[in-house]
Amino acid sequence: MPMVDTSDQCSLHYLESSYVDAWAAEPETVLLVHGMAESALAWTAWVPQLARRFRVVRVDLPGFGRSRLHSADFDVSVAGFATELARFLDVTGIGKAHLVGAKLGGSVVLDLASRFPDRARSVTAVTGPMWAEGEGRIVHQQDISGSVTEHGTEQWARDTMARRLGSGVSDAQREWWIGLMAATDGDLIARAARANATLDLRPRLHQITAPALMITSKGSPLSGGAAPGVWRDRIAHSHGFLVLPCDGYHVAAAMPDVCAAIVAAFLGGAAPDELALLAADAA
C-alpha cells in the first residue's frame, strides 16, 4: 500500500491494480478520485471492469482514508485537492491519466483537468457538481458542517444514506457505506464542507481540452435545470451528460457496475451515441 510525499503538507496513500496481459503494451493509467468522507475503497467494485485494460490507481484525498495532512493550514477546497493530485501525478511518474471522480471527487477532476490540462487524457465526473448553488450545488444536505459537529460522522452518514444511495440497494450495502464514511474525521469533513461552499467551476470549464463525460442520476440535483446546458455549452469535447435511473445521488456507489461499464466504453473510444445507449439500457 504505497504512500508518497506530495508536498511538505501532505502524504498521499494509494492502491494500484492492473490485470493487463503481461505481453501487452504499457497500459494507460486511470486515476479514481473518491467523494466526501470516503477513501480509495469506495471504488472497489469498479476495479474488475477497468483493470483488465488499464492501470487503475485509487488515491485517498488529502486527510481522507490513509492519506495524511502534516499542516492544519492545508487547503481542503476542490482547488487544493486538485493541486495536490497534480503533484501526485508528477511524484509517481504517472504524468498523465484518465481522470475519474465521484461527487466531490468529480468536482476535483474537473478542476484538475481545467487548470492542468496536460495531466488529463480524459475526464469523467460522476455526479460532480460544477458550482455550489442551485442545481449545480455541491452540498446535497443542509449544513453538513453543523450536522457532523453536533451528531458525529457516523450519525450524519446514517441520517443521509437513504438520499445518497436511493432505494435500490441492500441493507448490507447501506451499512458498509455508513461504516466507510464513519471512519472519516468529522473536523475534516466540516472544514471541507465550508471550504467548498462557494465552489464555481463554470468560468474554467472551457479550459478542459480532454474528452469529457458526465454521469449523474435522476436523484441528483445535477439531472435537471441549468447543469446539462452548462455542460454542453462549456465543455468543448463533451461525450455526453448521462442520467441513470437511480433515485439516490451517489450513483457511482449505487450502480457501480453500470457506471464502470460506461466509463470503460468511454475510455475504449465509444462514441457519444453508444454511451447514451448504454445509459438507456440501464433504465
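As the structure is a prediction and not an experimental result, all values here were calculated from the model.

Q: Sorry, what's going on with the nonpolar core here?
A: Soluble globular proteins: nonpolar side chains tend toward being buried together. By size, the foremost hydrophobic cluster in this structure holds 99 residues, and its most contacted members are Leu31, Met36, Trp46, Phe88, Leu99, Met130 and Ile215. When residues in this core are grouped by element, the largest group, eight residues, is from helix H10 (residues 256-267). Sequence-distant contacts of tryptophan 46, defined by excluding residues within four places in its chain, comprise Val100, Val126, Ala252, Pro256, Cys259, Ala260 and Val263.

Q: Got a minute to help me understand unusual backbone geometry in this structure?
A: Across residues other than glycine, the phi torsion is negative in most instances, and most of the peptide bonds are trans. Phi angles above zero are rare outside glycine, and alanine 37 is one such case at about 60°. Tracing the backbone shows alanine 37 in the loop between strand E3 (29-33) and helix H1 (47-50). Phi at threonine 127 is positive, roughly 50°, even though this residue is not glycine. Structurally, the position occupied by threonine 127 is in the loop between strand E7 (120-126) and helix H4 (144-151).

Q: Can you help me understand the side chain of threonine 153 in this one?
A: Residue placement: threonine 153 occurs in helix H5 (residues 153-165). Apart from residues lying up to four places away in sequence, threonine 153 is in contact with Val148, Met181, Ala182, Thr184, Asp185, Gly186 and Ile189.

Q: In this structure, what is going on with the environment of glycine 65? I would like to understand it.
A: Tracing the chain through its elements places glycine 65 in the loop between strand E4 (55-59) and strand E5 (68-69). Considering only alpha carbons, one finds glycine 65 and alanine 183, 118 residues apart in sequence, at a separation of 7.8 Å. In this structure glycine 65 touches Glu38, Ser39 and Asp60, once residues within four positions along its chain are discounted.

Q: What is the right way to look at the pattern of salt bridges in this model?
A: One side chain can pair with another of opposite charge once the charged atoms of both are near each other. Within the structure shown, the criterion is met by 13 salt bridges. Two residues, aspartate 21 and arginine 52, come together in a salt bridge whose shortest N-O distance is 2.9 Å. Placement of aspartate 21 in the loop between strand E2 (10-17) and E3 and of arginine 52 in the loop between H1 and E4 is noted, with a sequence separation of 31 residues between them. On the basis of relative accessibility, which here comes to 44%, the residue arginine 52 falls in the partly exposed class. Between glutamate 28 and arginine 121 there is a salt bridge, and its shortest N-O distance comes to 3.5 Å. Remark: arginine 121 occurs in strand E7 and glutamate 28 occurs in the loop between E2 and E3; sequence separation between them is 93 residues. A residue is classified by how much of its surface remains accessible, and glutamate 28, at 33% relative accessible area, is partly exposed. For arginine 121, a relative accessible area of 34% translates into the label partly exposed.

Q: What's the story with the pairing of E2 in this structure? I'm lost.
A: A regular strand carries its side chains on alternate faces of the sheet. In terms of burial, E2 is a largely internal element, seven of the eight residues being buried. What sits between strand E1 (residues 3-7) and E2 in their antiparallel hairpin is a turn of two residues. Relative to E5, E2 is paired through two bridges, and the arrangement is antiparallel. Looking at the pairing, serine 11 lines up with arginine 68 of E5.

How each quantity is defined
As a convention, each chain's residues are numbered from 1 in the sequence order in which they are written. Per-residue local features of the predicted model are confined to residues with pLDDT of at least 70, and side-chain atom pairs are confined, for both listing and counting, to 80 or more; whole-chain, interface and lining totals are unaffected and use all residues. As a rule here, side-chain values come from all non-hydrogen atoms in the structure, and water together with hydrogens is ignored. Residues grouped as a nonpolar core are buried Ala, Val, Leu, Ile, Met, Phe, Trp, Tyr and Cys residues, joined through side-chain atoms within 4.5 Å. A 1.4 Å probe rolled over the protein chains alone gives each residue an accessible area, and that area as a share of the maximum for its type sets the label: buried under 20%, exposed over 50%, partly exposed in between. Strands here are runs of E lasting at least two residues and helices are runs of H or I lasting at least four, both read from the DSSP assignment and numbered beginning at the N terminus. We call two residues contacting when some pair of their heavy atoms lies within 4.5 Å. Salt bridge, as used here, is a side-chain nitrogen of Lys or Arg placed within 4 Å of a carboxyl oxygen of Asp or Glu. For two strands to be treated as a pair, DSSP must find at least two bridges joining them.

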